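Coordinate analysis (summary)
Okay, here's what each chain looks like letter by letter:
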Amino acid sequence: MTINEFLTTFAGLPVVAADAQESPGDPGAVAWRIDMDYESGGDELTAAFERLLARTGPAGPTALIIGEWGEAYESAFPVELLVDNAERLPTLKALFIGEMSFEQCEISWIQQANLTPILLTFPALESLWVRGAEGLAFKKRIHHQGLRELVLQSGGLPASVVENVAGWDVPNLTHLELWLGVDNYGGDATVDDLAPILAGRSLPALTHLGLRNAEIADQIAEAVAAAPIVARLTSLDLSKGMLGDAGGEALLAGQPLTHLKSLDLSHHFLSPELAQRIVEELPGVAVDVSDRQQEEEWGRYTAVSE
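Residues numbered from 1 in each chain as written. Predicted model: local features only at pLDDT ≥ 70, side-chain atom pairs only at ≥ 80, totals over all residues. Heavy atoms only, no water.

We note that Ala-11 has phi near 55 degrees; this positive angle belongs to a residue other than glycine. With respect to the helices and strands, Ala-11 occurs in the loop between β1 (9-10) and β2 (13-17). Take Ala-11: its relative accessible area is 46%, and that puts it in the partly exposed class. The phi torsion at His-267 lies on the positive side, around 55 degrees, for a residue other than glycine. In this fold, His-267 is placed in the loop between β11 (262-264) and α8 (272-281). (Helix = DSSP H or I, 4+ residues; strand = E, 2+ residues; numbered from the N terminus. Buried < 20%, exposed > 50% of the residue type's maximum accessible area, 1.4 Å probe, protein only.)

Right, here's the structure in full:
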């Protein structure tokens, strides 16, 4: 699978291109998207950002999507562009850094950066999405009262990122989604790295947990089957990974999942019989076992890697 569709809504708002001819009546009622040509440089991105601020006025954008920032496979996202202009972004609530199609830049080639300054500079930020994990880093000790949603999409999420995120103090986080990926693209996190998250002690408000696109999906399922945090979730997402019968059996043999509203196991390697059992044994849960994959001679695969 490749990613080649852009969001049409973000943070509950319709997405509008920053260079669109027609302006919405209320600039704060849309999510603005900046997307540069891959040959563009930092000056062009800065200029596009300035034009957007002129369009949105003193309040700035409520939600902002940064797509291609110009040769994203060679240069890291310029964090200082946002940090240095924090006073001009007083209402920023949602930010997506790196929403690119595979034609613009393969997910595992996107050069990210240490994004800790984003969280420290924007205490009112409620939603942070990031695509790409090459160079991605965060500090381990972060307290953020405002953050409600964190989504890290990757073909391989480093263990260091998982470990650090697991150590955050984010008391109001309700939605956590990690695309763990494969070891060949830097996804070297283990179930042990996920243990603080699964224990749930630092995530008192979490209701949605996504551990997606995982090479270690079976091991994750086995850990989830006994994880304390699951009892207070309303939705669990183990999709896009290499989940097979070992993981599926562990889910059925573990703690009850009947309290969930949804369980997403799509893109899986479950046998048809076991997939049907899971659906039947969770009659009140919206279980997604679509997109069954066939194991290749060289093994299983995640939905997104390179």
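Once the structure has been displayed, the description carries forward.
Turning next to the nonpolar core. In this structure, Phe-138, Leu-176, Leu-180, Leu-209, Leu-211 and Leu-263 are the most contacted members of the largest nonpolar core, which totals 88 residues. In this view, Phe-138 contacts Asn-114, Leu-115, Thr-116, Leu-119, Leu-128, Leu-152, Val-161, Asn-164, Val-165 and Trp-168; residues no more than four positions away in its chain are not counted. (Core = buried A, V, L, I, M, F, W, Y, C linked by side-chain atoms within 4.5 Å. Contact = heavy atoms within 4.5 Å.)

Tallying each qualifying case throughout the model produces seven aromatic pairs. On the numbers, 5.3 Å between centres and 50 degrees between planes, the contact of Phe-96 with Trp-129 is tilted. With Phe-96 in strand β5 (residues 94-97) and Trp-129 in strand β6 (residues 127-131), this residue pair connects regions lying 33 residues apart in the sequence. Residue classification places Phe-96 among the buried positions, given a relative accessible area of 0%. Residue classification places Trp-129 among the buried positions, given a relative accessible area of 15%. Here the aromatic rings of Phe-269 and Tyr-301 are separated by 5.3 Å at their centres, their planes lie at 85 degrees, and the arrangement is edge-to-face. With Phe-269 in the loop between β11 and α8 and Tyr-301 in the segment after β12 (286-288), this pair connects stretches of sequence that are 32 residues apart. One aromatic cluster is present, built from ring pairs that chain together Phe-10, Phe-96 and Trp-129. Over the ring of Phe-6 we find Arg-33; its NZ or CZ atom is 3.9 Å from the centre of that ring. (Phe/Tyr/Trp six-rings, centres within 6.5 Å; stacked < 30°, edge-to-face > 60°. Lys NZ or Arg CZ within 6 Å of the ring centre and 35° of its normal.)

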